[in-house]
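# Descriptive analysis of the structure
In case you want the letters, here they are:
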Amino acid sequence: MLSTEDLTKVYESGLFRKRSVTAVDGVSFQIRKGQISSLVGESGSGKTTVARIILKLIQPTTGRVLYKDRDISYIKKSRDLIDYRRHVQGIFQDPYSSFNLFYKVDRVFNMMFKLFEKPVPKTERKVMVESVLKTVGLNPDEVLGKYPHQLSGGQRQRVLVARSLLVNPEILLADEPTSMIDASTRIDVLKVFTDLKKEMELSIVFITHDLGLAYYISDRILVMQQGKMVEEGDAEEVIMNPKHEYTKSLLSAIPTLSKKWA
Amino acid sequence: MSVLNAENIKAYYHLLDGDVQALEDATFNLNKGEILGIAGESGCGKSTLAATLSTIILPPLKLLGGKLLTENGDDIFKLPERTLRREIRGKYVALVPQSAMNALNPTKRIRDLVTDAINAHYPKMTKQEVRDTAAKRFEDVGLPFRVLESYSFELSGGMKQRTVIALSSLMNPKVLIADEPTSALDVSTQKTVLTLLLDLRKKGIVQSVIFITHDIAVLRQIADRIVVMYAGIIVEIGTVDDIIFNPLHPYSKGLMPTVIVPEPEIKKRAISGIPGAPPNLRNPPKGCRFLPRCAYATSVCHQEPPLITVKRTVVRCWLYAK
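Since we're looking at a predicted model, the values are computed, not measured.

With that settled, consider the overall build of chain B. Scanning chain B for helices and strands turns up eleven helices and eleven strands. Its C-alpha atoms give chain B a radius of gyration of 20 Å, near enough to 20 Å, the size a compact globule of 322 residues would have. Projected onto the principal axes, the alpha-carbon positions of chain B cover approximately 65 × 50 × 40 Å. Looking at chain B as a whole, 44% of its 322 residues are labelled buried. The contacts of chain B with a sequence gap of at least 6 include a subset with a gap of at least 24, amounting to 64%.

Turning our eyes to something else, we now look at unusual backbone geometry. Glycine aside, a negative phi is what most residues show, and trans is what most peptide bonds show. For the bond from Pro59 of chain B to Pro60 of chain B, the omega torsion is 10°, close enough to zero to count as cis. Counting through the fold element by element, Pro60 of chain B comes out in the loop between helix H1 (46-53) and strand E4 (61-69). Notably, Asp6 of chain A is not glycine yet its phi reads approximately 50°, a positive angle. With respect to the element layout, Asp6 of chain A can be found in strand E1 (residues 2-13).

Right, let's talk about helix H6 (residues 153-165) of chain A for a bit. Residue and element names in this part refer to chain A. A rise of 1.5 Å per residue sets the reference length of H6, with its 13 residues, at 18 Å; its end C-alpha atoms lie 19 Å apart and thus fit the reference within 8%. Judged by how many residues are buried, H6 sits mostly within the fold: twelve of 13 residues are covered. Of the surrounding secondary structure, the elements contacted by the buried residues of H6 are strand E6 (88-91), helix H3 (106-112), helix H4 (122-135), helix H5 (140-143), strand E7 (171-175) and helix H7 (183-200).

Between the first and last C-alpha of H7 of chain A there are 26 Å, a value that for 18 residues agrees with the 26 Å anticipated at 1.5 Å per step. Taken as a whole, H7 of chain A has its buried residues at Ala183, Ser184, Thr185, Arg186, Asp188, Val189, Leu190, Val192, Phe193 and Leu196 of chain A. Considering only its buried residues, H7 of chain A is in contact with strand E3 (36-40), H6, E7, strand E8 (203-208) and helix H8 (211-217) of chain A together with helix H10 (250-255) of chain B. Two residues or fewer past H7 of chain A, Glu201 of chain A is found with a positive phi of approximately 55°.

For the rest of this paragraph, the subject is the interface of chain A and chain B. Chain A puts 29 residues into the contact, and the matching count from chain B is 28 residues. Counting residues per element, the ones that place at least two in the side of chain A that touches chain B are H7, H8, helix H9 (235-240) and helix H10 (245-253) of chain A. In terms of residue count, H7 of chain A provides more of the side of chain A that touches chain B than any other element does, six residues in total. Taken together, the residues of the side of chain A that touches chain B sort by class into 15 nonpolar, nine polar and five charged.

Residue and element names in this part refer to chain A. The four strands are arranged E2-E1-E4-E5 in an open sheet whose pairing can be described as antiparallel. Only two strands of the sheet have a single partner each, and these edge strands are strand E2 (19-31) and strand E5 (70-71). Relative to strand E4 (residues 62-67), E1 runs antiparallel, the two being bridged by five bridges. The partner of Thr4 across the bridge, within E4, is Val65. Across the sheet, helix H1 (residues 47-54) is in contact with E1, E2 and E4; its angle to E1 comes to roughly 110°.

About the criteria used
Position numbers for residues start from 1 in each chain and track the written sequence from start to end. Following the order in which they are written, the chains are lettered starting with A and the ligands numbered starting with 1. Confidence filtering applies because this is a predicted model: local features only for residues at pLDDT of at least 70, side-chain atom pairs given and counted only at 80 or more, and all residues used for totals across whole chains, interfaces and linings. By the criteria applied, helices consist of DSSP H or I runs no shorter than four residues and strands consist of E runs no shorter than two, each listed in order from the N terminus. Note on method: radius of gyration uses C-alpha positions; expected globular size equals 2.2 Å times residues raised to 0.38. Exposure classes come from backbone-placed C-beta atoms, where a residue is buried if 20 or more other C-beta atoms lie within 10 Å of its own, exposed if 12 or fewer do, and partly exposed in between. For every residue pair, C-beta atoms are placed from the backbone, and the pair is scored as a contact if these atoms sit within 7 Å. To estimate the expected span of a helix, count its residues, drop one, and scale the result by 1.5 Å. Polar here means any residue other than Ala, Val, Leu, Ile, Met, Phe, Trp, Tyr, Cys and Pro, which are nonpolar, and Asp, Glu, Lys and Arg, which are charged; Gly is therefore polar. Two strands qualify as a pair provided that DSSP identifies no fewer than 2 bridges between them. Every axis in this analysis is a line fitted to C-alpha atoms, fitted for helices over the stretch in contact. Angles between the N-to-C directions lie between 0 and 180 degrees.

Below, the structure is given as structure tokens:
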């Protein structure tokens, strides 16, 4: 479905004495249809940079991203970019900042309709919006017509997932979508992702620093450390039988319920 | 033996358009040498509680009632400001606030910040004596000497947090209150900070700790007992094992299954959230504040539930009234 080949992103700063930071270093992986793959790593591992490259928010330094076997760097015309965005959508960490607080939440749906090839009539828009809201487990009456501050973090995040679904994407990238939400509402947001995978065969890339979350929700886990991909495999394998030293040390640092640290 | 005894502490945020009833009737005790966890989600009142316990109560927060007793039976809330400054803050109770590492003054080296802290309590110490004390303490907590010579922006998040904890414990406080000390840190850095706290207790540098967090798995690793808070109320107090594996209050029962850890059990166990949202504390409902989200609610819950002791646990719920 989507794959990266030797993806590298180097940030350089300074005019005379150049300093460079290699945020992503030769990362190659594949996203398969109908699977949830988690990109796991600590801060500075490069996982968000990878997501931004895939979403075409930034350009890689070298390497390429292939969507359905086509290199996405050839997408230059705005019409092609809009078409790409209909297939690959993103959800980000902060459910507060993704909204313009001065407008009602309905606006994020209206903006999404601009991505459509042909204009969608108002009556049909209403039906589509209500349908995607129900898909994410939200009651349209409780959400439409409200301002962002009138909704909880979990509701806001689910509204953002709903609006991505309007264009019927094939790939959804979610960057730390639950880290700013309380534990008791986090589960409902996670359930949305697992339902989407099951019912719509959506391919989801779930980016997180939380290995427990990755284990719970993913089919595959890809571990990143300082820009490099150090381990990848089935979620069960990576967590229960880690091979790379970094994965092992990461797992040992996680506080668990059953075992106690010495 | 109790090092701190909190009785019916009540504190509101006094705002122009009304009060936020952030903390209501908080009663619990801290035993000597224990690590007491305070668990709850955002808005439950844990930071407000930390502010009252450390007597750093700044407007619009107002203390409206209650007692805070030391091991000698003195009520901290009744002590004059002078005594609070000299004997209590930093010495009896020290606070590491949320995001403390962001409060380090970036224009001064760490050793100057240490000097400030020590001189505030021991104004007669010479500069050299202060430097030596600081160096020894940092060595005790495993922070390399270069940290003292550095500016805060030269340190990583983990080092800053450990520095702040070292600074707060300079006076060997009887009680160290840490408010979400590891929430902004990576999981491996988190472990070093938690290890530091356990080490401080083992070495006797800190006697007892109040650890505030929303992360139950962390409390499982370091706490002895847990206080569970919801919407400004303490709903349950028990040992770490009892609260996590045998919770009594319906909120605790709903909170424990939301803990996700990379262990095979979670795939078998049903993971579920709690429907609904906490009440608006500007106008909290009468009676039990968890009522709208509670699967066990009955008509009696419209009255405020009492604190009931069930074996080793204290729970505020009508379910356990005889």
